[in-house]
Amino acid sequence: MPVEGGKTDMERIGLFSEMEYVTVGDKYVSQFNRPFNEAASKNRQMLPGGSKEMSNLQAGYFDPHFVRIFEGEGYVNLNQVRRRHMMEEAKKNLGKAFLPSNGDKKLCGLGSYYGTIGRPVPFFSAQSKPKEKYEPPGKNLYTNPGKKGTGYGYANVTIGKQFSHSADFYDAAKLNDKKENEEHHRLLKGTPFKLNLYPREYFDTNPYLFEKPLPPIKKAEKKEALANPFKPSSPGKKAGGMKAGTFDSYPSHSADPYGVKLTSHISSKGAKVFHPPGGPKSRPTESIMTLNVKR
C-alpha cells in the first residue's frame, strides 16, 4: 500500500518484486516426527570395513606392502665422506700450521715472574728503600699541673683572677620599691579624679530583670488515653486484575478520538517538493553461518 512520500512497501524495503512462496501446497510435517537425516534411510549407504589399529602387520597401513624410502641406493661410508671434506679444506691452507717456539711455562710459586711475558716490576720489589735519617722532635711544652676543684667553693682555680666580694643588702628590692612609691606620691597634686558613674559588669545588677508583666501560665492539655487499640474492620485485600485491593473503583473506559490529520498546503501549484532519486537497491542476503546451519 502507498505511504506518505509516494513510495510503496516494496520500494521502501528495496526489492524489485515480492518474494516467491516455495512451500505453497506442501504437505504439513510435524517437527517432532521429522527424521534427523532423511537421506540416511534411502538408497544404499557407504559401509566401511571398520577401524584398524596400529600394529607391526601390514593391515594397519593403507599400502598393500611396505615401501622403503632409500630402496636401490648405494652404500655411503660416512667416515670416508668426512675425510674427503677434511682433505679439501686442508688444500685451502697457504702454509703449514702455526707452532709456537717453546711450550707453556709453569709458575714456580706465588710472586714469581717465571713463565710470564714481562720482567719483574721494580715497584713491587721486596727490598727496602733508602730512607732519610730520623731526627727526633723537640721536647713537649711543660706547664703547671691542673688545679683541683670545680670552681664552686674553691678559690683561684679559674684562668682569670678571682672576683672581689661585694656586699648586698637582704631587703634591697623592697627598700627600692618603697623609695619609688614615696617619690611618686610626692609628685602628685590634689586628690585622684573620680566619676559619679560606678562601673558595672551589666547595665543592671540583675541581668534577668523584666519590667513588663509576665503572660499567664499555660496549662498543659491532658490527652485522653484510648481504652482499646484501633482494629480495622477487615484484613487487607490482595491486588488482582479487578482492582479489589485498592481504595478507588476501577475507572470507566473513555474512548480517545483519533487526531485530525494535518494536510500539507502548497503555496503555488507550479512549485513541487524535491524528491531525490532512489539509490542502488540491494537484496537481503543470508549469512554463511545461517546457510551452513540449514544444510
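Residues numbered from 1 in each chain as written. Predicted model: local features only at pLDDT ≥ 70, side-chain atom pairs only at ≥ 80, totals over all residues. Heavy atoms only, no water.

*Asks:* Is there a simple way to think about the overall build of the protein in this case?
*Replies:* If you tally the helices and strands in the protein, you get four helices and zero strands. In the protein, the order of α-helices and β-strands from amino to carboxyl end is α-α-α-α. Every one of the 295 residues in the protein was classed for burial, and the buried ones make up 1%. (Helix = DSSP H or I, 4+ residues; strand = E, 2+ residues; numbered from the N terminus. Buried < 20%, exposed > 50% of the residue type's maximum accessible area, 1.4 Å probe, protein only.)

*Asks:* Would you mind going over the packing of aromatic side chains with me for this structure?
*Replies:* For any pair of aromatic rings, geometry is given as the distance between the ring centres together with the angle between the planes. Evaluation of the coordinates by the stated rule reveals one aromatic pair. Measuring from centroid to centroid gives 5.6 Å for F123 and F124, while their planes differ by 85°, and the two rings are edge-to-face. By relative accessible area, F123 is classed as exposed at 62%. (Phe/Tyr/Trp six-rings, centres within 6.5 Å; stacked < 30°, edge-to-face > 60°.)

*Asks:* It is not clear to me how the environment of M10 should be interpreted in this structure. Could you clarify?
*Replies:* Among the secondary structure elements, M10 is positioned in helix α1 (residues 9–13). With residues up to four places along the chain from it excluded, the contact list for M10 reads L15, S17 and E18. (Contact = heavy atoms within 4.5 Å.)

*Asks:* Is there a simple way to explain helix α2 (residues 78–90) in this structure?
*Replies:* An α-helical turn contains 3.6 residues, so a residue and the one three or four places further along point in the same direction. Taking 1.5 Å per residue, 13 residues should reach 18 Å; α2 reaches 19 Å between its end C-alpha atoms and fits that length. Residue N77 occupies the N-cap position of α2, its side-chain oxygen lying 3.4 Å from the main-chain nitrogen of N79. (Expected span 1.5 Å × (residues − 1). Polar contact = N/O pair within 3.5 Å; in protein donor to acceptor, adjacent residues only side chain to side chain.)

*Asks:* It is not clear to me how the confidence of the model for the protein should be interpreted in this structure. Could you clarify?
*Replies:* One rule of thumb: low pLDDT means the predicted coordinates there are not for detailed reading. Mean pLDDT for the protein: 77, with 83% of residues reaching 70 or above. Mean pLDDT across the elements of the protein ranges from a minimum in α1, with 74, to a maximum in α2, with 95. (pLDDT = per-residue confidence, 0-100.)

*Asks:* Can you help me understand a nonpolar patch on the surface in this one?
*Replies:* Taken together, the side chains of Y113, V121, F123 and F124 make up a nonpolar region of the molecular surface, amounting to roughly 450 Å² of accessible area. Mapped onto the elements, F124 comes out in the loop between α2 and α3 (172–187). Classification of F124 by relative accessible area gives exposed; the value is 63%. (Patch = residues over 30% accessible without salt bridge, like charges linked within 9 Å, V, L, I, M, F, W, Y side chains within 5 Å. Areas by Shrake-Rupley, 256 points an atom, 1.4 Å probe, with all protein chains shown as cover. Salt bridge = Lys/Arg side-chain N within 4 Å of Asp/Glu carboxyl O.)

*Asks:* What's the story with the pattern of salt bridges in this structure? I'm lost.
*Replies:* Two side chains carrying opposite charge are able to pair once their charged atoms lie near each other. Summed over all chains, the structure comprises three salt bridges. A salt bridge links E89 to K92, with the shortest nitrogen-to-oxygen separation between them at 3.5 Å. In this structure K92 comes out as exposed when scored by relative accessible area, which is 59%. As a salt-bridge pair, R186 and E183 come within 2.3 Å of each other at their nearest N and O atoms. Residue R186 and its partner E183 are located together in helix α3, separated by three residues, close to a single helical turn. Note on R186: relative accessible area 56%, which makes it exposed.

*Asks:* Before we go on, may I ask you to explain α3 in this structure?
*Replies:* In this model, α3 (16 residues) spans 23 Å end to end at C-alpha, consistent with the 22 Å of a helix rising 1.5 Å per residue. α3 sits mainly on the outside: zero of its 16 residues count as buried.

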